[in-house]
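Single-letter residue listing:
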Protein chains: 2
Amino acid sequence: MVTTRIEQYIEAIHEIVKKKGYARVKDVSESVGVGFSAVSEMFSKLSEKGYINYEKHGWVTLTKKGEKLATKLSKRHKVLRDFFIILGIDEKVADEDACEIEHVVRKETMDRLTKFVEFVKSHEDPLWLKRFKEYYETGKLPECPRTIKKTKIQSRNN
Amino acid sequence: MVTTRIEQYIEAIHEIVKKKGYARVKDVSESVGVGFSAVSEMFSKLSEKGYINYEKHGWVTLTKKGEKLATKLSKRHKVLRDFFIILGIDEKVADEDACEIEHVVRKETMDRLTKFVEFVKSHEDPLWLKRFKEYYETGKLPECPRTIKKTKIQSRNN
DNA sequence: CCACCATTTTTGGGAAGCCAAATAGTTTTC
DNA sequence: GAAAACTATTTGGCTTCCCAAAAATGGTGG
């Protein structure tokens, strides 16, 4: 079973290795926010499950299997984060929520969301999104341009 | 601490009470997918925490506090589900994902998402959404109507 | 009214994670 | 090259949630 917790450790290791070339108990302890003993135990478990290269007192790196999982999570994180930012959510909150959701969301949903983010990003500053943000701020629904006349829009704006 | 598990039990009780007027160990056991003993223990805990009205061997209902939590979760569930369905995700998957995400997502994110769903629903069949679905199916980005001429759109469609 | 059956609770024990303290292994310093 | 300082592992024990089996409860038919 790949628990959320296992995924969180894998992500932490991935980030640390990206920066330093290897991860150690102390690094992961700080990153995940648990004590050394918890990390040490988890290293044994992750090693048994084939996610990390680990020998006692040694430097830790991800195996191919660990790398694959880390890459998947990283992609999910980015898409979720980008999506939330598109909606206008604060970056910090977007990040935190992405961090949680990436572990529970189904592949099918991620596929849609990925395409959605691509779609939105391919148009710079879409009108409908501007309208949504206006709605979010003011609570007022801008009328749909397809159902109203130009003069009406202008009179509303003046 | 309100764990995900506690929330899942509360939701199950809420649904059952809505149908039968009260919930019993057996009902919740089936709904949550755990044995009787787990439910019985959880009933004690939920009662201690003030979420349910419970006496041994009796009918269970939610307290005001439990009701409030259940209502929050139910609203979140609906918004998440609706949002996923808007994106074109299968109803069953939308439901499953909503079930997971509702326990971990932050209030701020839910507020945005709620408004977003309202926004989309207030326009029937928005053009941009039709374009997204086209993009999802075909992988082709329809050009933005603001940057191209009408004749160009027509010629593309013929 | 009482025995039976369904339901619920209790009991004993397990897995996953965590911590603090004790121990052990490295590295650095002098 | 040994003591000191740092880092990692082990150990014992905790919490939350679970299960299976045993014990208790309560409603119902005879």
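What you see is a predicted model; the values in this text were computed from it and never measured.

Chemist: Can you explain the protein's contact with DNA strand D? Please cite residues and give values.
Modeler: As a structural note, the neighbourhood of DNA strand D is formed by 20 residues, with S40, Y54 and K56 of chain A together with R5 and K45 of chain B the closest of them. Atoms of DNA strand D within 4 Å of the protein belong to the sugar or the phosphate in 69% of instances, the rest to bases. Interatomic distance of 3.0 Å between a side-chain N/O atom of S37 of chain B and a base nitrogen of DNA strand D. Within the side chain of E41 of chain B, a nitrogen or oxygen atom sits 3.3 Å from a base nitrogen of DNA strand D. Class assignment for the residues of the surface near DNA strand D results in 6 nonpolar, 7 polar and 7 charged.

Chemist: Just give me the short version of the relation of the copies chain A and chain B, but keep the residues and values in it.
Modeler: The two copies are related by a screw operation: chain A maps onto chain B through 180 degrees of rotation and 0.0 Å of translation along the axis, at an RMSD of 0.1 Å. Those values place the two copies in the arrangement expected of a two-fold rotation axis. In terms of C-alpha distance to the rotation axis, chain A has I101 of chain A as its closest residue, with the C-alpha 3.1 Å off the axis.

Chemist: Which residues make up the nonpolar core, and what values do they have?
Modeler: Counting 46 residues, the largest nonpolar core has F83, I101 and F116 of chain A together with F83, I101 and F116 of chain B as its most contacted members. For this core, the elements supplying multiple residues, two or more each, are α4 (64-87), α5 (91-101), α6 (107-122) and α7 (127-138) of chain A together with α4 (64-87), α5 (91-101), α6 (107-122) and α7 (127-138) of chain B. Excluding anything up to four places from it in sequence, F116 of chain B contacts L87, F116, W128 and F132 of chain A together with F83 and W128 of chain B.

Chemist: Please provide a residue-by-residue account of unusual backbone geometry, values included.
Modeler: Residues and elements named next belong to chain A. A positive phi angle is found at H57, which is not glycine, with a value near 65 degrees. Take H57: its relative accessible area is 86%, and that puts it in the exposed class. We note that D125 has phi near 55 degrees; this positive angle belongs to a residue other than glycine. Under the relative-accessibility criterion, D125 is labelled partly exposed at 49%.

Chemist: Talk me through the protein's contact with DNA strand C; I want residue IDs and the actual numbers.
Modeler: The environment of DNA strand C is made up of 20 residues, and the closest members are T3, R5 and K45 of chain A together with Y54 and K56 of chain B. If you look at DNA strand C and keep only atoms within 4 Å of the protein, 71% of those are sugar or phosphate atoms. Between a phosphate oxygen of DNA strand C and a side-chain N or O atom of R24 of chain B, the distance comes to 2.7 Å. At 2.7 Å, a side-chain N or O of S40 of chain B approaches a phosphate oxygen of DNA strand C. Of all the secondary structure elements, the ones that give two or more residues to the surface near DNA strand C are α1 (4-20) and α3 (36-48) of chain A together with α2 (25-32) and α3 (36-48) of chain B. A breakdown of the residues in the surface near DNA strand C according to their chemical character gives 6 nonpolar, 7 polar and 7 charged.

Chemist: Outline the interface of chain A and chain B, listing residues and values.
Modeler: Residue-level contacts link 39 residues of chain A with 39 residues of chain B. Buried surface at the junction of chain A and chain B, summed over both partners, amounts to about 3,900 Å²; 66% is from carbon and sulfur atoms. When residues of chain A are sorted by the area they lose upon contact with chain B, R112, F119 and Y136 of chain A head the list and together hold 19% of the total. Summed over the shared surface of chain A and chain B, the result is 4 salt bridges. A salt bridge links R106 of chain A to E96 of chain B; its shortest N-O distance comes to 3.0 Å. At the junction of chain A and chain B, the tally comes to 12 residue pairs in polar contact (both at pLDDT 80 or more). Elements with a contribution of two residues or more to the side of chain A that touches chain B: α4, α5, α6 and α7 of chain A.

Chemist: Which residues make up the packing of aromatic side chains, and what values go with them?
Modeler: As enumerated under the stated definition, the model contains 22 aromatic pairs over all chains in all. The ring of Y51 of chain A has K65 of chain A sitting right over it, with the charged end atom 4.6 Å from the ring centre.

Chemist: Account for helix α1 (residues 4-20) of chain B, naming residues and giving values.
Modeler: Because each turn of an α-helix spans 3.6 residues, side chains separated by three or four positions in sequence point in the same direction. Residue and element names in this part refer to chain B. Here α1 is 17 residues long and its end C-alpha atoms lie 24 Å apart, about the 24 Å a rise of 1.5 Å per residue gives. For α1, every residue scored as buried is listed here: I6, E7, Y9, I10, E11, A12, I13, H14 and I16. For α1, the elements touching its buried residues are α2, α3, β1 (52-53), β2 (61-62) and α4. Following α1 by one or two positions, G21 has its phi on the positive side, about 95 degrees.

Rules used throughout
Per chain, residues are indexed from 1 in the order of the written sequence. Naming scheme: in the order in which they are written, chains are lettered from A and ligands are numbered from 1. Two thresholds apply to this predicted model, a pLDDT of at least 70 for residue-level local features and 80 or more for giving and counting side-chain atom pairs, whereas whole-chain, interface and lining totals are computed over all residues. Excluding hydrogens and water, the side-chain figures rest on all heavy atoms present in the structure. Think of it this way: one heavy atom of a residue within 4 Å of a molecule or strand is enough to make that residue near it. Polar contact criterion, stated in full: a pair of N or O atoms within 3.5 Å, where within protein one must be able to donate a hydrogen and the other to accept it, and residues adjacent in sequence count only if both atoms are side-chain atoms. All amino acids are sorted into three groups, where Ala, Val, Leu, Ile, Met, Phe, Trp, Tyr, Cys and Pro are nonpolar, Asp, Glu, Lys and Arg are charged, and the leftover types, Gly among them, are polar. Superposing the copies works by least squares over the C-alpha atoms of residues that have pLDDT at least 70 in both of them. Within this scheme, the nonpolar core is defined by two criteria: the residues are buried Ala, Val, Leu, Ile, Met, Phe, Trp, Tyr or Cys, and they are joined through side-chain atoms within 4.5 Å. With a 1.4 Å probe rolled over the protein chains alone, any residue whose accessible area is under 20% of its type maximum counts as buried; one over 50% counts as exposed, and the rest are partly exposed. A run of DSSP states H or I qualifies as a helix once it reaches four residues; a run of E qualifies as a strand once it reaches two. Both are numbered from the N-terminal end. We call two residues contacting when some pair of their heavy atoms lies within 4.5 Å. Summed over both partners, the accessible area lost on bringing two parts together, with a 1.4 Å probe, is the buried area. For salt bridges, the criterion is a side-chain nitrogen of Lys or Arg within 4 Å of an Asp or Glu carboxyl oxygen. Each Phe, Tyr or Trp ring (for Trp, its six-membered ring) is paired with any other whose centre lies within 6.5 Å, and the angle between the two planes then decides the class: stacked below 30 degrees, edge-to-face above 60, tilted in between. Lysine NZ or arginine CZ positioned within 6 Å of the ring centre and within 35 degrees of the ring normal marks a charge as sitting over the ring. Here a helix's expected span is defined as the number of its residues, less one, multiplied by 1.5 Å.

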